[in-house]
Amino acid sequence: MSPARSTKGFDEAHLRALLEPLAGHRALIGLDVDGTLVDHAGIMDPRVKKALHAVREAGHHIVIATGRSLNTTLPIVRVAGVSDGWSVSANGAVTTKITGAGDDDYEIVETVTFDPEPALRAMYQAVPTARFAIERASGGFIGTESFDDLDFGIQAEPASIEELFGAKEVVRVVVTAPDIPLDEFARIVERAGVSGCEYAVGWSSWLDMSAPGTTKASALEALRERLGVDPEHTVTVGDGSNDVEMLDWAAVGVAMGQASERVKSYADAETLSIDDHGAELVLRHLLSADPR
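So, here is what we can say about the structure in this document. (Residues numbered from 1 in each chain as written. Predicted model: local features only at pLDDT ≥ 70, side-chain atom pairs only at ≥ 80, totals over all residues. Heavy atoms only, no water.)

### A short note on the pairing of strand β3 (residues 85–89)
- With five of five residues buried, β3 is to be regarded as a mostly interior element.
- Every second residue of β3 is oriented toward a common face, with G85, S87 and S89 on one face and W86 and V88 on the other, all of them buried.
- Where strand β2 (residues 61–65) meets β3, three bridges bridge the pair, whose relative direction is parallel. Bridge pairing in β3 links A65 to V88.
- As a crossover connection, the stretch from β2 through helix α3 (residues 70–80) into β3 is right-handed. (Buried < 20%, exposed > 50% of the residue type's maximum accessible area, 1.4 Å probe, protein only. Helix = DSSP H or I, 4+ residues; strand = E, 2+ residues; numbered from the N terminus. Pairing = 2+ DSSP bridges. Right-handed = clockwise from strand over helix to strand, strands pointing away.)

Now the structure itself:
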């Protein structure tokens, strides 16, 4: 995959022009969570929620697409008021149909698992002091005893590194080293020669690994085919390194204003930052593309 182009800053007229061809069509809209729909304190602005609801009411397909686990994706779905839509979690490894507004109103329609041992061993050899955990297809987590926080929305069950090496039905591996600066951690990951998986480093010293070929884009493409949406009627919005594939995949990929230049280079346009509710701006322009 190669970068689409440099967006060269926010240009609302350019963004509007890219979205205008969607007028009269039902679009598939893939939306990242952290840094896109919610700020880094986990707060969704009421204006973003209102715009989400309006776009859904207009008949477009809303897909919440995130690196979060299913357990921490579903609360965002509820906050967003998505009661008839889709979510893609664990960076594309888990696809879920939302069937109502209740906590249990969802159906997992696809999971993509892999053997985590080679990549996990490579990272353990590179940085044995890190914290390691795996997410199972069922949604549960096991992690080394040092993984004692609630980043997954549930407490990870304690496990030895050897138990993690032998785990089956794994949809995601997480490696985090909060005491190592991000730049240094990224270099460690690169030198480790992680192979046999897809991987992305986040805003902090946090590494997600999933099955080969599994990204937010691969899950969105499967949904596009399932829903019968034309490839030219796809929009994505994101800000992180795990969003570059879906920004490149969409007919209109939009990078958040605070995204890195590398992430922006994969997008077709740039919107405002999370602090200025950039996702709301994209959604408001999409309202002019009411398929009804």
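More follows now that the structure is in view.
### Thoughts on the environment of E157
- As for its position among the elements, E157 is in strand β8 (residues 157–158).
- Through-space distance from the C-alpha of E157 to that of V48 is 35 Å; in sequence the pair is 109 residues apart.
- In contact with E157, other than residues within four places in its own chain, are F141, I142 and G143. (Contact = heavy atoms within 4.5 Å.)

### Digging into the side chain of T73
- Among the secondary structure elements, T73 is positioned in helix α3.
- Look at T73 and you get buried, because its relative accessible area is 0%.
- Once you skip the residues sitting within four places of it in the chain, T73 turns out to touch I64, T66, R68, S87 and S89.

### Notes on the sheet that holds β3
- Pairing is mixed in the open sheet, where eight strands are placed in the order β5-β4-β3-β2-β1-β12-β13-β14. Two strands in the sheet have a free side with no partner beyond their single neighbour: β5 (106–111) and β14 (269–270).

### Digging into helix α4 (residues 117–126)
- Restricting attention to buried positions, one finds in α4 the residues A119, L120, A122 and M123. Along the axis of α4, the buried positions cluster into a sector of 160°, meaning they face one direction only.
- Buried residues belonging to α4 abut β6 (131–136), α5 (161–165), β9 (170–176), α6 (182–192) and β11 (206–210). (Arc of directions from axis to C-beta.)

By themselves, these figures tell us nothing about what the structure is for.
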